[in-house]
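What the coordinates show
Given next are the chains, with one letter for each unit.
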Amino acid sequence: IYVNSLYRNFYSKTIEALNRLYLATGNDSLLYRAMQYAEMDKVSALVYTMQRDKALKNSGISTQAIDSIQLLYRKLSQIEALRYKEQANTRINDTSLYDINKSLYNLVTEITQKEKKLETLYPAYLNTKYDVVVPKVDDLLSISHQKAIFEYVLSNEKLYSFLLVDGKLYYKDFLIEKSFLENIGQLQQMIS
């Protein structure tokens, strides 16, 4: 999640580049690669979390150490939820948000230090944690015979859409107006 926030446009810019290459060459494999980046955009945080949990359980780490770091992960989720709630509040108290951000920073620092220690003490944890498997478009295409799969990526300029039906991949991108993103932001704030 942290990396995605730093490199917000990485996936959409890669998809755009692959789309331009596809338009110039007509090579369908470029669309499949673009679809794979769309998948990576959506699942990267989930896949990383699942891989990290798998690494914790299968690397010989003591139950006490696992419980300790999982407690920190739960605290992190709670603080992030509180931070999101405070940011959505239009009558925000600057000092309370500052305190939440400070707690968040301290907790992330503590988690990072513990994870680095586990990576040093348990090489199997390190190897398993970063052995992330990216979803394969071929697997999705085989599933698309039973059900349609729709995937999209939203950038600042475009909405990239992929549709898998009956083993075929369809692609379309749409230019979006600046007001579209603003409207989405307003809708998210109203929902929260």
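No experiment lies behind these values; they were computed from the predicted model shown.

Turning our eyes to something else, we now look at the pairing of strand 1 (residues 149-154). Only one face of strand 1 is covered, namely the face carrying Ile-149, Glu-151 and Val-153; the face carrying Phe-150, Tyr-152 and Leu-154 is uncovered. Alignment of strand 1 against strand 2 (residues 158-165), held across 6 bridges, turns out to be antiparallel. In the strand pairing of strand 2, Ile-149 is matched with Leu-164. Turn length for the strand 1-strand 2 hairpin, with the two strands adjacent in sequence and antiparallel, is 3 residues.

The next subject is helix 2 (residues 10-25). Here helix 2 is 16 residues long and its end C-alpha atoms lie 22 Å apart, about the 22 Å a rise of 1.5 Å per residue gives. Of all the residues in helix 2, the buried ones are Tyr-11, Ser-12, Thr-14, Ile-15, Glu-16, Leu-18 and Asn-19. Gly-26, located one to two residues past helix 2, shows a positive phi value of around 75 degrees.

With the rule as written, the count across this model stands at 8 salt bridges. Across the pair Asp-173 and Lys-158 runs a salt bridge whose closest N-O atoms are separated by 3.7 Å. A residue pair is termed long-range when its members are at least 10 positions apart, and Asp-173 in strand 3 (residues 168-175) and Lys-158 in strand 2 qualify at 15 residues. Taking relative accessible area as the criterion, Lys-158 reaches 15% and is therefore assigned buried. In the salt-bridge network here, residues are joined through shared partners; they are Glu-16, Arg-20, Lys-158 and Asp-173.

Next up on the list: unusual backbone geometry. In this structure, Asp-166 takes a positive phi of about 50 degrees despite not being glycine. Assignment of secondary structure puts Asp-166 in the loop between strand 2 and strand 3.

Glancing now at the packing of aromatic side chains. Any pair of aromatic rings gets described here by the distance separating the centres and the angle formed by the planes. Per the counting criterion, the structure on display carries 2 aromatic pairs. On the numbers, 5.1 Å between centres and 50 degrees between planes, the contact of Phe-162 with Tyr-171 is tilted. Given the relative accessible area of 0%, Phe-162 is considered buried. Just above the ring of Tyr-73 sits the side chain of Arg-52; from NZ or CZ to the centre is 3.6 Å.

Moving on to the nonpolar core. The biggest cluster of nonpolar side chains holds 17 residues, and the ones touching the most others in it are Ile-15, Met-35, Tyr-160, Phe-162, Leu-164, Leu-169 and Tyr-171. Put simply, the parts of the chain that give this core at least two residues each are helix 2, helix 3 (28-57), helix 7 (137-143), strand 1, strand 2 and strand 3. Excluding its chain neighbours within four sequence positions, the residues that come into contact with Ile-15 are Ala-34, Tyr-37, Ala-38, Val-153, Tyr-160, Phe-162 and Tyr-171. Listed in part, the 15 residues of the second largest apolar core include Ala-55, Ile-61, Tyr-73 and Tyr-125.

Spatially, the 3 strands line up as an open sheet ordered 1-2-3, and their pairing is antiparallel. Two strands lie at the open edges of the sheet, namely strand 1 and strand 3, each paired on one side alone. Pairwise comparison of adjacent strand axes, ignoring direction, gives a mean angle of 15 degrees for this sheet. Helix-sheet contacts for helix 2 involve strand 1, strand 2 and strand 3, and the interaxial angle to strand 2 is about 70 degrees.

This part is about the side chain of Lys-158. At 3.2 Å, the side chain of Lys-158 and the side chain of Glu-16 are in polar contact. Not counting residues within four places of it along the chain, the set of residues in contact with Lys-158 comprises Glu-16, Val-153, Asp-173, Phe-174, Leu-175 and Ile-176.

Reading guide: rules and limits
- Residues numbered from 1 in each chain as written.
- Predicted model: local features only at pLDDT ≥ 70, side-chain atom pairs only at ≥ 80, totals over all residues.
- Heavy atoms only, no water.
- Buried < 20%, exposed > 50% of the residue type's maximum accessible area, 1.4 Å probe, protein only.
- Helix = DSSP H or I, 4+ residues; strand = E, 2+ residues; numbered from the N terminus.
- Pairing = 2+ DSSP bridges.
- Expected span 1.5 Å × (residues − 1).
- Salt bridge = Lys/Arg side-chain N within 4 Å of Asp/Glu carboxyl O.
- Phe/Tyr/Trp six-rings, centres within 6.5 Å; stacked < 30°, edge-to-face > 60°.
- Lys NZ or Arg CZ within 6 Å of the ring centre and 35° of its normal.
- Core = buried A, V, L, I, M, F, W, Y, C linked by side-chain atoms within 4.5 Å.
- Contact = heavy atoms within 4.5 Å.
- Axes fitted to C-alpha atoms, helices over the stretch in contact; angles between N-to-C directions.
- Polar contact = N/O pair within 3.5 Å; in protein donor to acceptor, adjacent residues only side chain to side chain.

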